[in-house]
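# Structural characterization, general
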Amino acid sequence: MNRSQSEKLWQEALGVLVGGVNSPVRAFRAAGGHPFFVRRGFGPYLEDVDGNRYVDFVLSWGPLAAGHAHPAVLDAVREAIGAGLSYGCPCEAEIRLAQKIRAYFPFAERVRFVSSGTEAVMSAIRLARAATGRNEIIKMDGCYHGHADSLLISAGSGVATLALQDSPGVPADLARLTHTVPYNDADAVSRLLEERGPKIACVIVEPVAGNMGFVLPEPGYLAALRDLTARHGALLIFDEVMTGFRVALGGASTLFGITPDLITLGKVIGGGMPVGAYAGPAALMDQVAPAGPVYQAGTLSGNPVAMAAGLATLETLEKPGVFEQAARRMAELMRGLQERARAAGIAFSAASLGTMGGFFFRGEAPRTMAEAKTSNQSAWRAFFNALLENGVYFAPSPFEACFISTAHGETEQVTVFNAAETAFERAKNFEKTS
Ligand SMILES: *Cc1c(COP(=O)(O)O)cnc(C)c1O
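Positions within a chain are numbered from 1, following the residues in the order the chain's sequence is written. Local features in this predicted model are restricted to residues of pLDDT 70 or higher, and side-chain atom pairs are both shown and tallied only at a pLDDT of 80 or more, whereas totals for entire chains, interfaces and linings draw on every residue. The basis for every side-chain value is the complete set of heavy atoms in the structure, and neither hydrogens nor water enter the calculation.

## Some remarks on the site of the ligand
Residue proximity to a molecule or strand is established when one non-hydrogen atom of the residue lies within 4 Å of it. In the vicinity of the ligand, the contacting residues are Ser116, Gly117, Thr118, Tyr144, His145, Gly146, Glu206, Asn211, Asp239, Val241, Met242 and Lys267. In the analysis that follows, any N or O atom pair within 3.5 Å is treated as a polar contact, provided that within protein one partner can donate a hydrogen and the other can accept it, and provided that, for residues neighboring in sequence, both atoms belong to side chains. Taking Tyr144, its main chain carries an N or O atom lying 3.3 Å from a nitrogen atom of the ligand. For the ligand, an oxygen atom lies 3.1 Å from a polar atom in the side chain of Asn211. Taking a 2 Å distance to the grid points as the criterion, the majority of the atoms of the ligand fall inside the largest pocket. By residue class, the composition of the shell around the ligand is three nonpolar, six polar and three charged. Only protein atoms enter the 1 Å grid, on which a cavity is a set of points fitting a 1.4 Å probe that cannot get out and a pocket is an open set with protein on both sides within 12 Å along at least 5 of 7 lines, lining residues being those with an atom within 4 Å of a point. Criterion for pocket placement: a molecule counts as inside a cavity or pocket if more than half of its atoms are within 2 Å of its grid points. Amino acids are sorted into nonpolar (Ala, Val, Leu, Ile, Met, Phe, Trp, Tyr, Cys and Pro), charged (Asp, Glu, Lys and Arg) and polar (every other residue, Gly among them).

Here is the structure:
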């Protein structure tokens, strides 16, 4: 595969962008090699500047649930931009997208839009602290909630990929307020709440983890978090930035039938444009300005073009059978990879929920970040690069989930399975021999 144009751009990028990128995992550090530069995306494909095509299972890290450049989404955006890019005044599209969210998350009576998942979570934490009059928070090791200071403690995603512990620049006084416990360990949360309950403002969790790789909550885990937080007067925040409209229409709250106090959303609800949101019951959300005293604002919040892209994406997903078919393809994809790994005699575990999934080079699916870290990363690297060479793009990190869109079909499935057979053979050279 010729990647000379990408290579040229990469050298230029290194001279002007920090580490060559604007978000760390894009730099391919975990995968080795250099990233490709994209010329365009269409349906399930990315095309790089050298003309190579890749079946894309990253989808801009989740948002593109209807695939790249979906005609209905582009039409909605074109119509919106014809009327200007931003008003700084209310517009109808904000109401329509909020109503759509509320239809799927009935407890989310009030929605506030922001411009990223990071902002959504940061604001939800502020609200939780204000509402409870408490300062400390509990998060799970390996969960990623954006790059706000309080949440960069034992974080997943790029923080885990680059094997950074915590980030310099986060004041120790602030870090002390964030307690971390392993994912899927309700007892650890219980012990912390017993010990420090009156100080804990909230427990925040990815209800299905997608930033330590894809890790499912064990049966009863989320319900236990709901019980424990209620008992100790702490709020439960489901960070559904990734799982929202991915693990199900709606999200994990809908799927597992658990009502958190607040949810955060992002990614799919913007359909590829910068959108985040936090939402919850009116009594809680109405503490946010201007209804209440908790300040939070945004110059571009509720941007009309972004709202249009999000709304069109959600409308595409909710057409009868569309989401279900994409979810079925994701399940088939993971099953197909699992079968081929087994045939190759490789320790591998794959799983999915809705249109989100993932795999580890490890015989058993991990339950925690600590277990995820024991997966065979050399085998993963060989597998990732062999797939890429054959036109299949999974996330360039062993600690990221993968995604499918409504545009992925049979043809792409065949491409992946063929490439995977070669890639598993390559990965086999890195199986631990003990
Ligand atoms: C991506 C992600 C975020 C951060 O969203 P940004 O838009 O990248 O700021 C927060 N939480 C979760 C669970 C995410 O997956």
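## A word on helix 15 (residues 410-428)
In this text, helices come from DSSP runs of H or I with a minimum length of four residues, and strands from runs of E with a minimum of two, each type numbered from the N-terminal end. Given a helix with a known number of residues, its expected span is that number minus one, times 1.5 Å. Relative to the 27 Å expected for 19 residues at 1.5 Å per residue, helix 15 spans 27 Å between its end C-alpha atoms, a close match to the ideal helical length. Buried within helix 15 are the following residues: Glu412, Gln413, Val416, Phe417, Ala419, Ala420, Ala423, Phe424 and Ala427. Contacts are residue-level and defined by heavy atoms, with any inter-residue pair within 4.5 Å sufficient. Of the surrounding secondary structure, the elements contacted by the buried residues of helix 15 are strand 2 (45-48), strand 3 (53-56), helix 12 (322-344), helix 14 (377-389) and strand 13 (392-393). Think of it in three bands: with a 1.4 Å probe and only protein chains considered, a residue is buried below 20% of the maximum accessible area for its type, exposed above 50%, and partly exposed in between.

## A word on unusual backbone geometry
Put simply, Ala289 and Pro290 share a cis peptide bond, and its omega is 10 degrees. Among the structural elements, Pro290 can be located in the loop between helix 10 (282-285) and helix 11 (304-317). The backbone phi angle of Phe28 is positive, close to 65 degrees, even though this residue is not glycine. One can find Phe28 in the loop between helix 1 (4-14) and strand 1 (38-42).

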